[in-house]
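Take a look at the letters that make up each chain.
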Amino acid sequence: MLKVKIVRLNQNAAVPAYATRHAAGMDISACLDEPLTVAPFTTALVPTGFAIELPDGYEAQLRPRSGLALRHLISLPNTPATIDADYRGEVKVILINYGKEPFTVNHGDRIAQMVVARVDHVVFEEVEGLSETMRGAGGFGHTGV
C-alpha cells in the first residue's frame, strides 16, 4: 500500500476516499464557504481544502465523475489533470459546464476522482528512423470506427 501525506488546509475539507473496495479513483469533494454556480460553457476553479505530498515517482490524476458528466455535462477541461510530486499547494479542480443550464456546486459535493499513478521518466534516444509496423504512420481514424 502506497502512503501519501495529506494536510487539511480547511478543517471542513473532506479527505479523498474510495467509494468502494475496488474503485480505482478516490472521490474528491468541494470545500466551499458558499455555493458556486458554473454557468453554461464556462469554467470554475473549485477548492478542495487539502494539499498532498506524493512520493517521488508518482503523480495524482484528477478525472471527471461519470455521473456528473452523464446527468449535467460537467467535466474537467484538462482531463486528466496532473498533480506533480513536488507540488505542495491546495488541490483545486477546474470544472467546465458543457450543459445548457447553470450547475451549482455545494460544499461537500463530490466533483472529481483522483487516481495516484506511477510515473517513469524517459530518456530520448535520437535515431535516424523508427522500426516498421503494419499501422505505420496511420493516425486519427486510420483503423476505422
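Residue positions are counted from 1 within each chain, in the order its sequence is given. Residue-level local features of this predicted model are given only where pLDDT is at least 70; pairs of side-chain atoms are given and counted only at 80 or more, and the full residue set underlies all totals for whole chains, interfaces and linings. The side-chain numbers reported here are obtained from all heavy atoms of the structure, hydrogens and water having been left aside.

**Q** Would you mind showing me how to read unusual backbone geometry here?
**A** The phi torsion of most residues other than glycine is negative, and most of the peptide bonds are trans. The residue after Thr79, namely Pro80, is reached through a cis peptide bond having omega -10°. In this text, helices come from DSSP runs of H or I with a minimum length of four residues, and strands from runs of E with a minimum of two, each type numbered from the N-terminal end. Counting through the fold element by element, Pro80 comes out in the loop between strand 8 (74–75) and strand 9 (81–83). In this model, Phe41 sits at a positive phi of 60°, which is unusual for a non-glycine residue. Relative to the helices and strands, Phe41 is located in the loop between strand 4 (36–38) and strand 5 (43–47). Of note, the phi angle at Leu73 is positive, near 60°, even though the residue is not glycine. Relative to the helices and strands, Leu73 is located in the loop between helix 1 (66–72) and strand 8.

**Q** Honestly, the sheet that holds strand 10 (residues 92–97) in this entry has me stumped. Any pointers?
**A** In sheet architecture, strand pairing relies on hydrogen bonds along the backbone and comes in two forms, parallel and antiparallel. Pairing between strands is defined by DSSP: at least two bridges between them are needed. Strands sit in the order 5-10-8 across an open sheet of 3 strands; the sheet is antiparallel. Of all the strands in the sheet, just strand 5 and strand 8 have a single pairing partner and so form its edges. Relative to strand 10, strand 5 runs antiparallel, the two being bridged by 5 bridges. Residue pairing for strand 10: Thr43 is matched across the bridge by Ile96.

**Q** Just checking my understanding: could you explain the sheet that holds strand 9 for this structure?
**A** Strand order in the open sheet formed by 5 strands is 2-3-12-7-9, and the pairing between neighbours is antiparallel. The strands lining the two open edges of the sheet, one partner per strand, are strand 2 (17–18) and strand 9. Taken together, the 3 bridges between strand 7 (residues 58–63) and strand 9 define a ladder with antiparallel strand orientation. The partner of Gln61 across the bridge, within strand 9, is Thr82.

**Q** Mind showing me how you'd approach the pairing of strand 3 (residues 26–29) here?
**A** Every regular strand shows the same layout, with side chains that alternate between the two sheet faces. The side-chain alternation of strand 3 yields two buried faces, one formed by Met26 and Ile28 and the other by Asp27 and Ser29. Across 2 bridges, strand 2 lies against strand 3 in antiparallel orientation. Its bridge partner being in strand 3, Tyr18 is matched across the sheet by Met26. Relative to strand 12 (residues 110–118), strand 3 runs antiparallel, the two sharing 4 bridges. Bridging across to strand 12, Met26 finds its partner in Met114. Exposure classes here rest on a 1.4 Å probe applied to the protein chains alone. A residue is buried below 20% of its type maximum, exposed above 50%, and partly exposed in between.

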